[in-house]
Amino acid sequence: MEFSTRVLIVDDEPSVVGVLLDFFARFQHGHAYDVVPAYSAAEALDILLRRAFDLILLDMVIPGIGARWKQGLDLLKRIRDLGANTPVLVMSGAWDTQREAEALIAGAVAYLHKPFSLRELDCSVALALGPRAASANPDRR
């Protein structure tokens with residue numbers, strides 16, 4: 001039985017979103033992916049208040065109020081404050097162990113360093129979804 005896994009991609013770079021959309025179209029996980037892009041923290045939050053997701057890919061540097069590099073981390077904390085336990089894969093082109101640690105402490109399940117390969121993303125998605133990938137999530141809105 002085929003089902004769709006809902007994925008939210010939060011990244012302000014259309015080219016990155018395009019590559020990620022292509023990646024998800026290539027995965028052979030036995031189900032389809034319904035991928036929704038958001039290009040800012042505010043847009044992502046608005047989408048998250050209306051829909052539930054099985055996985056979120058979140059760039060650490062996205063537009064918003066305050067320091068750009070903190071927007072991803074602030075959004076991750078907000079997602080957790082809303083009570084969502086959706087797995088979040090954090091992405092960043094900057095190598096910074098302190099920011100990586102902060103993201104993991106705030107509830108990210110993994111930290112992907114850009115540029116990453118299809119294989120890295122495939123493995124990270126499979127690990128993040130774990131048993132969720134085996135059956136449809138009936139609790140989605």
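Keep in mind the model is a prediction, meaning the values are calculated, not measured.

Participant: Help me out: how do you make sense of helix α1 (residues 14-26) in this one?
Facilitator: Look at α1: 19 Å from first C-alpha to last across 13 residues, which is about the 18 Å you get at 1.5 Å a residue. Val16, Val17, Leu20, Phe23 and Phe24 are the residues of α1 that are buried. Burial along α1 is one-sided: seen end-on, the buried residues are contained in an arc of 120°. Within α1, the exposed residues directed more than 90 degrees away from the buried face are Pro14, Ser15 and Ala25. Against β1 (4-10), β2 (32-38), β3 (55-59), β4 (88-92) and α5 (118-129) lie the buried residues of α1.

Participant: Is there a simple way to think about the environment of Gly93 in this case?
Facilitator: Inspection of the secondary structure assignment puts Gly93 in the loop between β4 and α4 (97-105). As for Gly93 and Val61, which are separated by 32 residues in sequence, their C-alpha atoms are 8.7 Å apart.

Participant: Looking at this structure, I do not really get the packing of α1 against α5. What am I missing?
Facilitator: Each pair of packed helices can be summarised by the angle the axes make with each other and by the distance between the axes. Between α1 and α5, the least distance of the axes is 11 Å, while the angle of their chain directions is 65°. The angle between α1 and α5 places the two elements in the roughly perpendicular class. The hand of the α1/α5 crossing is right-handed. For the pair α1 and α5, contact is made by Leu20, Phe23, Phe24 and Arg26 and by Leu118, Leu121 and Val125, respectively.

Conventions adopted
Residues numbered from 1 in each chain as written. Predicted model: local features only at pLDDT ≥ 70, side-chain atom pairs only at ≥ 80, totals over all residues. Heavy atoms only, no water. Helix = DSSP H or I, 4+ residues; strand = E, 2+ residues; numbered from the N terminus. Expected span 1.5 Å × (residues − 1). Buried < 20%, exposed > 50% of the residue type's maximum accessible area, 1.4 Å probe, protein only. Arc of directions from axis to C-beta. Contact = heavy atoms within 4.5 Å. Axes fitted to C-alpha atoms, helices over the stretch in contact; angles between N-to-C directions. Parallel < 35°, antiparallel > 145°, perpendicular 65-115°, else oblique. Left-handed = near helix turned anticlockwise from the far one by under 90°.

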